[in-house]
Structure formats: C-alpha cells, structure tokens
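# Geometric and topological summary
These are the residues of each chain, in order.
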Amino acid sequence: MAFAVVLVILVLGSVLFHFLSPWNMTPLASNWGSIDVTMLITLVITAVVFIAVNFFIAYAVIKFRHTPERKAEYEPENKKLEWWLTLGTSVGIIAMLAPGLIVYADFVNVPDDAHQIEVVGQQWSWSFRFPGQDGQLGKSAIEHISTDNSFGVDPLDEAGQDDRLLTSNTLILPVNRPVKLSLRSKDVLHNFYVPNFRVKMDSVPGQVSYQWFTPTRTGDFEILCAEYCGIGHFNMRGYIKVVEQQEYEQWLADLPTFAQSLMSEASEALSVKAKQGQEVAQKKGCMACHGFEESPAGPSWLGLYGANRTFKDSTELIADDDYLREAIVEPGATIVKGYAPIMPKLELSELEVDAVIAFIKERGNRDSDAGAQTMQKNPAEQSKSGAELAQSKGCTACHSVDGSRLVGPSWQGLYNSERSLASGETVLADDAYLKESLFKPNAKVVAGYPPVMPPSQLSSAQADALIEYIKTL
Amino acid sequence: MSLFHSLTEKPWLQGNVVLPEQKSPERVRRSALKVLLSVISVLFLLFFVAFLMRSQYPDWRPLAEEPGQPLYYQGQLWLNTLYLVLSSFCFHWASVAVKRNSLKASQVGILVGGLFAAAFIGGQLIFWQQLQEQGFFVNHSPALSFFYLFTGLHIAHLVGGIIAWTMALFSLRTDQSRVALCATYWHYLLVLWGVLFALLVSKPETYDAIAAFCGLGQ
Amino acid sequence: MTAQEHHSPQSFWTKYIWSQDHKVIAIQYSLTAIFVGLIALVLSTLMRLQLGFPGSFDFIDASAYYQYVTMHGMIMVVYLLTAIFLGGFGNYLIPLMVGARDMVFPFVNMLSYWFYLLAVVVLLASFFVTGGPTGAGWTLYPPQAILPGTPGSDGGIILMLISLGIFIIAATMGGLNYVTTVLQARTRGMTLMRMPLTIWGIFMATILALLAFPALFVSAIMMLFDKLLSTSFFMPAILSMGEQLGHEGGSPILFQHLFWFFGHPEVYIVALPAFGIVSDLISVHARKNIFGYRMMVWAIVVIGVLSFVVWAHHMYVSGMNPYFGYFFATTTLIIAVPTAIKVYNWVLTLWQGNIRMTVPMLFALGFVSTFTIGGLTGLFLGNVVVDLPLSDTYFVVAHFHMVMGVSPVLVIFGAIYHWYPKMTGKMLHDGLGKFHFWTTFIGTYTIFFPMHYLGVLGVPRRYYAYENYDFIPESAKDLNAFITIAAIFVALAQLVFLFNLAWSYFKGRAAGSNPWQATTLEWQTETTPPGHGNWGESIPECHRWAYDYSVPGYEQDYLPQNQPGEANA
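Residues numbered from 1 in each chain as written. Chains lettered and ligands numbered in written order. Predicted model: local features only at pLDDT ≥ 70, side-chain atom pairs only at ≥ 80, totals over all residues. Heavy atoms only, no water.

## Quick look at the overall build of chain A
What counts, and what does not: Secondary structure counts use DSSP, requiring at least four H or I residues in a row for a helix and at least two E residues in a row for a strand, with both numbered from the N terminus. A 1.4 Å probe rolled over the protein chains alone gives each residue an accessible area, and that area as a share of the maximum for its type sets the label: buried under 20%, exposed over 50%, partly exposed in between. Here, two residues are considered to be in contact whenever any of their heavy atoms come within 4.5 Å of each other. Surface accessibility in these figures is a Shrake-Rupley result with a 1.4 Å probe; residues are shielded only by whichever protein chains are displayed.
Within chain A, the secondary structure is distributed over 13 helices and 14 strands. Counting the 473 residues in chain A, one finds 51% classified as buried. Long-range pairs, those at least 24 residues apart, make up 66% of the contacts in chain A with a sequence separation of at least 6. For chain A, the accessible area works out to roughly 21000 Å², and carbon and sulfur atoms hold 57% of it.

## Regarding the sheet that holds strand β5 (residues 179–185) of chain A
All names here are of chain A. Spelled out, the test is: Should DSSP find at least two bridges between two strands, the strands are taken to pair. Angular values range over 0 to 180 degrees, each being the angle between N-to-C directions of two axes fitted as lines to C-alpha atoms, with helices fitted over their stretch in contact.
Here we have five strands laid out as an open sheet, ordered β3-β2-β1-β5-β8, and mixed in their pairing. The sheet is open, and its two edges are formed by β3 (164–166) and β8 (209–213), each paired on a single side. Direction aside, neighbouring strands of the sheet carry axes that sit 25 degrees apart on average. Strand direction decides the pairing type here: strand β1 (residues 115–122) and β5, joined by seven bridges, are parallel.

## Some remarks on the confidence of the model for chain C
Which entries qualify depends on this criterion: The predictor attaches a confidence to each residue, and that confidence, scored 0 to 100, is pLDDT.
The predicted model of chain C has a mean per-residue pLDDT of 91, with 98% of residues at 70 or higher. Confidence over residues 1–5 of chain C falls short of pLDDT 50; this stretch has nine contacts with residues more than four positions distant or in other chains.

## Brief notes about a negative patch on the surface
As a reminder, the rule being used: Grouping into patches uses exposed residues only, defined as over 30% relative accessible area, and leaves out salt-bridged ones; the cut-off is 9 Å for like charges and 5 Å for nonpolar side chains (Val, Leu, Ile, Met, Phe, Trp, Tyr). Any carboxyl oxygen of Asp or Glu that lies within 4 Å of a side-chain nitrogen of Lys or Arg is treated as forming a salt bridge with it. When charges are tallied, Lys and Arg are placed among the positive residues and Asp and Glu among the negative ones, while His and the ends of the chain are skipped. By convention, charge coordinates are those of NZ in Lys, CZ in Arg, CG in Asp, or CD in Glu.
Judged by side-chain charge, E65, E66, E205 and D208 of chain B come together as a negatively charged surface patch. Turning to its location among the elements, E65 of chain B is positioned in the loop between α2 (25–55) and α3 (75–99).

## Side note on the interface of chain A and chain C
Definition in use: Summed over both partners, the accessible area lost on bringing two parts together, with a 1.4 Å probe, is the buried area.
In this assembly, 108 residues from chain A lie in contact with 123 residues from chain C. Regarding the contact of chain A and chain C, the summed buried area is about 10000 Å², with carbon and sulfur atoms giving 67% of it. For the chain A face of the interface with chain C, the top three residues by lost area are W23, Y74 and Y228 of chain A, together amounting to 9%. Taken together, the links from chain A to chain C amount to one salt bridge.

## Describing the pattern of salt bridges
Inspection of every chain in the model, using the stated rule, returns 19 salt bridges over all chains. With a shortest N-O distance of 2.9 Å, R294 of chain C and E77 of chain A are connected by a salt bridge. On the criterion of chain membership, the pair formed by R294 of chain C in helix α8 (residues 293–306) and E77 of chain A in the loop between α2 (33–63) and α3 (79–108) is interchain, its members lying in two chains. When sorted by exposure, R294 of chain C lands in the same class as E77 of chain A, which is buried. The closest approach of N and O atoms between D163 of chain A and R129 of chain A, which form a salt bridge, is 2.6 Å.

## As for the side chain of H313 of chain C
Residue and element names in this part refer to chain C. Note the threshold: Pairs of N or O atoms within 3.5 Å make up the polar contacts considered here, provided that, within protein, one atom can donate a hydrogen while the other can accept it, and that residues adjacent in sequence are counted only when both atoms are side-chain atoms.
Inspection of the secondary structure puts H313 in the loop between α8 and α9 (324–350). Judged by relative accessible area, which is 14%, H313 ranks as buried. Side-chain polar atoms of H313 contact the side chain of H264, separated by 3.0 Å. Residues contacting H313, with those up to four places away along its chain left out, are H264, F328 and T332.

Spelled out as structure tokens, the structure:
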C-alpha cells in the first residue's frame, strides 16, 4: 500500500517538477530548433510510458496484495498480448527515430554557402583561424608550431599566408549566415559547445572534425569545453559574440594575417624545442662555422630555412626539413656551391637533429624577416592590457586573482612574495622569476602544485604586460 | 536437439526430459577449451581490427616490402614456424598414440612436442634480439609495434600452454585425456601464428582491400 | 563428480581462505566487492561535497576531484558491479540453481578470486604512488590519460591499466567456469528452458564478459605501450605542455572504438544478471509464474547479441565519421524493444498475482521504476540528434546512474535480502530492511531525477567548479546543494544495511530452509546454509520449470523443481 502511494506521489511530483522547474533549455540562438522538436517528441512519448508503467505497478500492488485465501492466476504467457505490446513499442520507437534521423541528416550535410572557421583547442584555451581572401585555410601541422606560429600553419603553404588569426578567446560571428567550424586540437580531446546553439563536437588531435550552425540572433554566448581535457577542463572558457555582417567584416579585417603575425609576433623567446636546438648547436660547435652571419667556413643559417640552395653540381633544392636533416646527418652528400666539404659527421640523436632544425628555422628566419621588413604590430593586440591577456590566453583557467585556490597558485599578493618550491628551495617572485615561469613553467614549480602548466605563447612585451598586471593584484 | 528447438520449447508443458546423468571430465574440459579458444580468437580478432584500422593512416610503413625494413629477412621466422609445425605434429602424434593406448609413444610425442614449442619461443626471442641490434625498437613504426605486441602475446599464450603441457605430462600415467586437449590448443596456436605471420608481412594493398571490405577505410 | 570427491575441508585456512568451494568464493568475492564499493561511495560523497558546496573543503582541489571521479566510476562499474554479479551471485547461485555440486573447475575458480583480489590491491595501491591515482575519467581516453595535465598520469594510470589487465584475467577464469558449468554440469532434467531467469541472465552476461573484456584488454595493453614504450597506437603528433612529443600518426578515436566495444556490452554485463534476478524475485514474491518466460529468455539473448552492435552511440560527438550515426542510432533504438518487453513482462507478472510486499519485493519493484526512467532517458541519448545537445552534460550522468548505478544496486540489495537466509540460515531484520529500502529508493530518486534538468540546461559534466558561467542560474547551485544533501543522506543509510548484515548474522531470526517458499533448487538443499558439495547424498533431479507457482489443482501455492509429477495435475 505504502509503495503504491509513494510511487504515485513520485510520478505526480516528477510531472509537477517538470512544469515548475526553472532549469530549462537555454534560449535558442541558432537554426537548430528542429533538435528541440525531436527532443520534445521523445519527451512526450517517454513521459506517457513512464506514467503508464508506474501507475500500473501502483494499481497492481494494491489490487493484488497478498491474502491467504486467494491464489494467484496461472498464466505462463499470452502470445497475443505480447505481440501487441511489441508492435506498440516498435511504433513508438519509429516515431522517435524517424524525425531524429531526418534532422541528423541536416546536421551531417553542411550547406554549400556556409563559411568556414577553424577552431583550435589546446589545454586550456581556444583560438581561431579564418581563411583569407582565397577562402582557403592553409595546411597546418603540429611540427610547425613554435612561439611565433602558435597555429602550426605551414609556412611554405601559399594558401595559409593570408589566413587571419585570432588568439584571444572571443569569437565574433555574423548573424544569419551558416558557419562550418573545423575543429582541431593541439594536445588532447576537447569539445566545442555553445548551449544556445545546441550542437557540439569533439576536437581530436591528429584529425579535423566539424560542426555547423546558423546563429539566428545577435548577442553574447558562452563557449564551453564539453570533453574532459585535464585538470583545467572546467575553466576552458570562450565567448561568442554574434553581430551584423558588416560589423563582422570590419572586425575580421583588423585581425592579423598569418604572414603579418610571423613578423610582428616575433619574440625573443624561442620554442622549447628550438632552445634545445640552440644548446645542441653550441655544444657541438656548429656555431663556429655556421652562425647567423656570413662566414667562409659554412653557409649561414640566417634565412636558410625555406630558401633555395644551389649545389656543386648546379642542382637546386628548397632547404626544407628533409634537406636539412640529410645535410646534418650526411654532411658530404650535399655540398652547397662555394663551400668545401669539411663538415665532420656528428653523433646526433634524431631528436637532437630535429631540435637543431627547429632552431635554424625559428632563429634564422626571425632575424631575416625582422631585418627585411619593419615591424607592424596589430594595435588591438598591443593595447590589450595584462588583464585581458590573462583571460584570453587562458591563464585564469588555473590562476585565480582573488586568492582562491585553483589548479595553480593564485596571483593575488604573488608579486615579491616568498615562494617555496617543490625542490625545497625558496625564491622571491620578482620580475625575473615570473618571466621565467611564463616561458619555462615547470622549471620552478611552487610546492603543493602539479607541474602541469603549458609554456605561454606570448611575446616578450605581452609577458611584461602580464607581469605588470600581476603586480597590481 | 537443435538450439532453436530447445529454445522454443514450452517448459511448463513438457513431461520429464532426462539429460545424461553426468558429463565425463573430458567432455567438460573440451567444452571449456572451446570457450577459451573463442575468447582468445576474439582477443586476436580485435587486435587485427585495430591493426587494419591503424594501417589506414598515412604514416603507416609496411614491414617486409623492401630491404631495410625490419621483416624483409624472414629466415629466422620461417625456422621458428618450422619448430611450431613440428611441435604441433608431435602433439597430434601423441594424441593418436593415446587413442591406441600406446603410453610410451604418447610420452615421447608430448615430450618432443614441448621441446619444439620451447625452441619456437627461443627462436622468437632471438628474432627480437636481432631486430633490436638493427635498431628496430618497439616504437620504430606502428606496424613494428604491432609485430612486437602480436608475437609477445602469442608467446604468452604458448607459455600458458606449456603450463598445461606440464600438467598433462605429469598426469600422463593416470589420465591421458589432457593430451588431446593440448593437441587441439597447439594446432590452434599454430594456425594463429600462421595468420599473424601472414598479416604482418602482407602488402599494404592487402590491408587496404581487407579494410575496405570491412568498411574500416578512412 | 561424485559426493565422495568432495571431502569437507578441515582447517580454517582451507575452509575459508584457500577454499575451492563456490559458496565460500562467492562470499569472498562479495565482501571484497562491497569493501571497494564502500570506498567508491565515500569518493562519490566527497565529489558531491565539492559540487554542492564548492570551495568549502580545502583538501578537495581540482586534481583530487578528478581522481575521485575516475576511481568512483571505475570501481563501481568494474570492481563492484561486474565482480559482485558474476563473481558473487554467479558463483553462489549457478551450481545451486542448476543442481551441481560445485563449479566444474574449483581450483580455477579459486584462482579467479585471488586474481580479482590482486587487481583490487593494485588498484588501491595507486592511491599511494607519487601523483596519486589516475584522474583521467573512467573512460581513460588518450591522449589526455597518459599526458601531464591530467592527475596521476604517471604511476596512477600505469597501475590502473595493469589492474584492469589482472581483473580481466580473473574474469576470464571465472567466466570459463560459469559458462562450462551451465552448459555441462546441469542436473538431470534441467533443460535450458527450465533454468531460472537468474541463471539465464548471469549466463548471457558471462558470455558477454568473455567476448567484450578482450577489447578492454587490447586497449589497455596498447595504451601501456604508448605510455611506456612511446609507440603511437593511439597517439598522434602532439604538442603537450609546449613540447613536441615523439608520437606520430596514432588515432585517439581507435581507442574509443575499442573501449566502447567493451564498454557497451559492459552495461549489459551488469544489467542482464539484474534482469534475471529481478524476474525471479518478482515471480517468487508475487506467487505467480513469470509472465512470458520464453519471451524473457529470447529478450536476454537478443539484447546480448545486439549489445555488440551499438557501441558507437557513446561516440556521436567524438569526431568519428558522422555517417556512423545513422547506423548506431537505429541499432540502439531497436535494442529498446526487447528491453521494453522485459519491463512489460515484469509488471504483467504482478497482474492477478498474490503479492507479498517483502523487502526483496520492494527492492525489485523499486528497480522496475528506476530502470524505467533510466531506460526511457536512454532513448534521448540513443537518438543521435537529440544526443547532440545532451551528450557530455549532467543528463548523461543522471541517465547512467539511474540505469546502471541505482537500478543494479537496488537489485543487489534485493538479492541479498532474498538469498541471505540461504547463505547464513538467518533472516535479515525486516524493519531495518524497509528503512534501508525507503531511504535508498526515495533518496536516489531525489538525487538523480532533478539532475536530468541540469543536463537539459546544458551544464557540462566533469567540471570541478561552475563559477562565472552566465547561462547557469544561481538556482542551479541551490539544486546542487540539495542533491549533495540527499546523497549524504543515502550514503549514511547504507550504514544501516551494513549493521543489519552483521547484526542478523548473530541475532537474526532462524530462516529455515525455504523461507520464501520458492521453487528453485537452491531452496531445496538438505542443510541451510548448504554444506560442502551442496546436496548431501544424491543430487536432486529436475522435474519442472522454475515457475510453478499457484498451479491450479494443488493445495500448496508452489511446486519445487525437484518435486516429481505432472506440471498441470
């Protein structure tokens, strides 16, 4: 008896809860109203079954409660009833599945007029790339990623030169225009999800996935990461601002292109790998003959990567990774015109060779660009205060500014404080320490925190701005 | 009585259906062996699927296409295969001998079969060592990683078989039923090795064809 | 095997520790599983504390939170539910219900338990290595699971994978035994269709386990290779913490396919034994034969087969080829049909019954109700396009807790209340049992029903904190606090159950051999609890199916399976 009453109360309570609950779907802001409709169909059908089953149990346990004088019916099966129930269930299933698959077909097939934007996820921030005039995104690969090329755009791909880059986490989209997001990841799985747009998709390292939608009203929306991506997952934030087409175009035109960013973003800090390369090159004595100035002993590394080389036998070749590797490993095989075959064979591991190539690539090409052209910094990026940087580069995913403990140490009162390190030493958090921590985060980790911070991809000026900001906290 | 028939009977109507009193231990063990072999088959089948899916990615390099690839010289592997064939044959011979009640012959068969199996394991380890000496470590290429994985697991199953072999050898005087089970297991491992070997040295086109057939292509 | 082969073991050690008796092994399995289950329960309470009252507890930082999430999930799914249904109930009930003296390979059965215990020890050891246990989420998705940036990505994940490997070996040894025993050691007259549905459920679940666990084994080994030997099975080129790793070309999606090829059947490895047990509980306590027995058996078989072709419905938004979505949505919704039939047949069994509202019956009916919710919300998630907004939100969390957390746990409780008298000879205390049922049933309902609405709102799962998200209203935080309080309440109520287990063992009412007046063979043993070899001098013969309740023309309202005579007099 009690069971029947409780069951009825639970069912009625659930129905009541459904209608009174303040927790409903976020207001729709995309074309995916059809998804809401399929969900409603499913809700109605399942609710009917839910109520029917529970009421049936409640009724049965009262009506057929135990009495010693009665005996239960003996009925092994009832073919007819069972087939009718099977049939009814199948009809219900089809009523849910059919509309679902029809809407799904819309989701799978991207409309032809959709414009493409690339979303790049990394621990724990988002960045975005837009195709330039040619309407095409340049090729990209993890191996191209360096401090100056955080998207890993292939520097040799023509199509990539005019791509526009957005490293801050606020994406602006035009209203009423279908957009196809190509999703890519640098490290682990992420998932691009905006509740108001309904759809979501994982970004997977090593491949490109996609989703599409049409924003149907202007306004501000939040981007969430919906696939667990490590310790900072819950704070991997981003924002979308949907605006009129014209405003979007103006904003887009102000974004730096890849070619510009290579020049302007050139920083003192080399990528970790290139730094290793620098060490190797110095230790093994490469710099004695090569270096970044003209020298009679060996070809200069200045502007070497990607340049055309003419060999003794007058053949020509672009100095790409493969060529450089061969030139390092088998020095006698390819001798550039005008130089003597005097380079010794070195015992280098594959990783060391890669590091040296990275160093040649980054250091050599940065100087040549800087020398050849004047710096043209993007004013928007420059004026960005440290506070905005902290937001847009994802620092605040792990560092609070109000003293509360997140994944990393809070920035409040950090500057000029004594920090005890995991190694047992104590350091003063001065400018030098903070800057080192930005670029080599896991060298001096504060005791009690996991060594999980990725090196920042900032220019030196940006790092200074960030440190100025930390000082104010 | 077919499975379909026994699953459609109406148990509340039937009179007494009498099963045989007790199953003999042989029959129970044989049944368990069948289940075990199905589990092992599924295990390796899943590895094959993983292998085929992985072979469809662009960085895949075959193992035995040209000199300089790890499995181009297969002499040692063929020698090992011969050991395993002989081992399997000895077990077969031993199980036939059991049927003819020839204890001595089955003893010799099972002993020699075990030795050949040990030779196979040793040969595989020697081949591993040869690969290592040439610098072909386990992370050299995905296909070679699979090679180490497959051969390692195959050896692990053979080692498990050798435990059963020891038990069969020691109980041979009192209970010969285990010999036939060992023989079945050995034949199975031989076939498994054949499939593994063939898969690992196949041409990329073969993988592509199988993958396409199974709908695993990219 | 004859009675003479089963000499009763003498010393304490051979009787209770190195025992080869399936009943002792079953109890060893169950107690170990309940022990790790309690750890998982504590972990879940800690998680809820952080979610309900964020920041109030200093020791729960983000790392710790994710470690709790991971270990809670893994322990519940594998080390508690799988182990207790197969190793616990499977071990205890299979030989008794099919009329055998023991499992066919008692020694392998014992090894199975010790391997399981070893797996548990290795798992728990990961709490004490540097970096702590893995915090990769119970799905252990690479690349994140083995990279820095995830808690416990060194020792923790390695021990986790090794522990899973050992567990799978244990489960395979146990599974070989269960399947062979059911196939080859049934007593005279026990045809397949005369077996109780409990055995059918456990039998089919064991087959699923034998065929699905290899997929987990494969993925665990390949991930270990990636972690320890820098191979590239699942690892593409990656920039981790600003460093280019040596991997190249691997596929994280490949891992997900393998994992869910295990992971989805795993759901049914837990669910099918629960289905079977519930069928028997309802039938016994409603004093009526299970309605549509044949349909129930077929449904178990069909569900078992179909469970192997629905795995990618966990991967609709994983970045796999989106065209797979059509296929897997269709198969997933088809599997709902046999599942629905089972629900219908349970409730139709009540119709025209003579229902005793005993504690096991309360738990069984509670299961039907929670399972119905869990099954129906599954229709949202299985329908690919409805899954797009809901996947990776709290809707998923609420769904799978209803369907494979709360529901199977209710069955475990019901089954313990039902079979404890046979295992110990004592009845569990009725009043405490009812208190336990009401708090657990209503408590879990209030935890998980509202949670669906957080998911509909879009609140993502596996978030350590939800501060400063504008789309989440303040009221959602109150709801989270409410859920946490309900969860603590439910967790505390389990102490009553543990007390009941211990108290009744010493002070409980004597049960007699067949307190529920059930037909199946385990209730017809000579002694209670059954002695070594189960049956005394001779093995019982089976003369009828397991559901001769209230047969017309008989005074008694049940006919034991070993009672000779025509089914319908």
